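The residues making up each chain are set out below.
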Amino acid sequence: MNRAQRLAQDAAEAAEVRAYQTDPDVVALRIERVRRQVDWMCWSGIVLGLAFTMTNVQAFASAGTRPGSLPWLAAWVLDPTVSLVLLAILRAEQVTARYQVRTGVWVRRAKWFTLAATYVLNTWTSFAAGEAAAIVLHSVPPLVVFVAVEAITDLRDKLTDAVLVAAERRPVQQEPGGRRVLFADYLAIARESWTPDVEITPAWVRRATGCSRGLSPRLARALRSEVGHD
């Protein structure tokens, strides 16, 4: 085997490896692993931050009560009440963001209200006393939670975008002549076949383009977005 043949063999092997590395399924698997790591780290920080605020809220709510008394014990319930509502909203957004489904305005209001309540309950005593060091100490954990709950939703959304972009940039089918049919090719065929009296559904897209069942929902969404159909 001469040098040119060896180079040709190396190029073929490199092309095969790259084809697998850029395959949408492989990319999706890698992004899913990253998504799990991001979720675990963000959730750990959020839970630890809320756990730190619990003692501050209890001290604020139980001020003037006798330790061990019923009002003192009831003060421990205040922070978990707010935190559990916030965690429930974040858990739901974790699922909706994965499929890029937008939540309503009341969901966002409830999230920001619980975050604001956590911050006020943590810092009210420090602001009243005018203690700058205590204000900073009790402000950092709630503010970290503030930022994390917004960032984690956006990160999930962008990770889903990364999977879709990878799928759109890779060939999805081989024609008999050897040419790869791209997502854009299928979309162009569907666009040419569509008429205003046709309801754009995955089933119709499959009939019009001959694409796979897995690809047809994304093609239907893309075409509906282009033509302004709900």
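Residues numbered from 1 in each chain as written. Predicted model: local features only at pLDDT ≥ 70, side-chain atom pairs only at ≥ 80, totals over all residues. Heavy atoms only, no water.

K.L.:
Looking at this structure, I do not really get the packing of helix α6 (residues 183-193) against helix α8 (residues 216-227). What am I missing?
P.N.:
Each pair of packed helices can be summarised by the angle the axes make with each other and by the distance between the axes. Contact geometry for α6 and α8: axes closest at 10 Å, N-to-C directions at 55 degrees. Judged by the inter-axis angle, α6 sits oblique to α8. Considering the relative orientation of α6 and α8, their crossing is right-handed. Contacts from Phe183, Tyr186, Leu187, Ala190 and Arg191 in α6 reach Arg218, Leu219, Ala222, Leu223 and Glu226 in α8. Here the residues of the contact of α6 with α8 sort into seven nonpolar, no polar and three charged. (Axes fitted to C-alpha atoms, helices over the stretch in contact; angles between N-to-C directions. Helix = DSSP H or I, 4+ residues; strand = E, 2+ residues; numbered from the N terminus. Parallel < 35°, antiparallel > 145°, perpendicular 65-115°, else oblique. Left-handed = near helix turned anticlockwise from the far one by under 90°. Contact = heavy atoms within 4.5 Å. Nonpolar A, V, L, I, M, F, W, Y, C, P; charged D, E, K, R; others polar.)

K.L.:
Would you take a moment to explain the packing of aromatic side chains for this structure?
P.N.:
Centre-to-centre distance and the angle between the planes together describe a pair of aromatic rings. As enumerated under the stated definition, the model contains three aromatic pairs in all. For the ring pair tryptophan 112 and phenylalanine 146, a centre distance of 5.8 Å and an interplane angle of 85 degrees mean the geometry is edge-to-face. Placement of the pair is tryptophan 112 in helix α4 (residues 105-129) and phenylalanine 146 in helix α5 (residues 132-169), with a sequence separation of 34 residues. The partly exposed category is assigned to tryptophan 112, whose relative accessible area is 34%. By way of ring pairs, the aromatic residues Trp112, Tyr119 and Phe146 are connected into one cluster. Over the face of the ring belonging to tryptophan 106 we find arginine 109, whose NZ or CZ atom lies 4.8 Å from the ring centre. (Phe/Tyr/Trp six-rings, centres within 6.5 Å; stacked < 30°, edge-to-face > 60°. Buried < 20%, exposed > 50% of the residue type's maximum accessible area, 1.4 Å probe, protein only. Lys NZ or Arg CZ within 6 Å of the ring centre and 35° of its normal.)

K.L.:
Would you mind showing me how to read the side chain of threonine 114 here?
P.N.:
The topology assignment puts threonine 114 in helix α4. Its relative accessible area of 6% is what places threonine 114 among the buried residues. The contact partners of threonine 114, leaving out residues within four places of it in the chain, are Val82, Val85 and Leu86.

K.L.:
Just checking my understanding: could you explain the pattern of salt bridges for this structure?
P.N.:
Pairing is possible between side chains that carry opposite charge, provided their charged atoms lie close to one another. Summed over all chains, the structure comprises three salt bridges. Taking the shortest distance from any N to any O, the salt bridge between glutamate 32 and arginine 35 comes out at 3.4 Å. Taken together, the residues glutamate 32 and arginine 35, both in helix α2 (residues 24-61) and three residues apart, mark about one turn of the helix. Residue glutamate 32 shares its accessibility class with arginine 35, and that shared class is buried. Between arginine 191 and glutamate 226 there is a salt bridge whose closest N-O contact spans 2.8 Å. (Salt bridge = Lys/Arg side-chain N within 4 Å of Asp/Glu carboxyl O.)

K.L.:
What am I meant to see in the side chain of glutamate 93 here?
P.N.:
Position of glutamate 93 among the secondary structure elements: in helix α3 (residues 70-98). Excluding its chain neighbours within four sequence positions, the residues that come into contact with glutamate 93 are Thr103, Val107, Lys111, Thr153 and Arg156.

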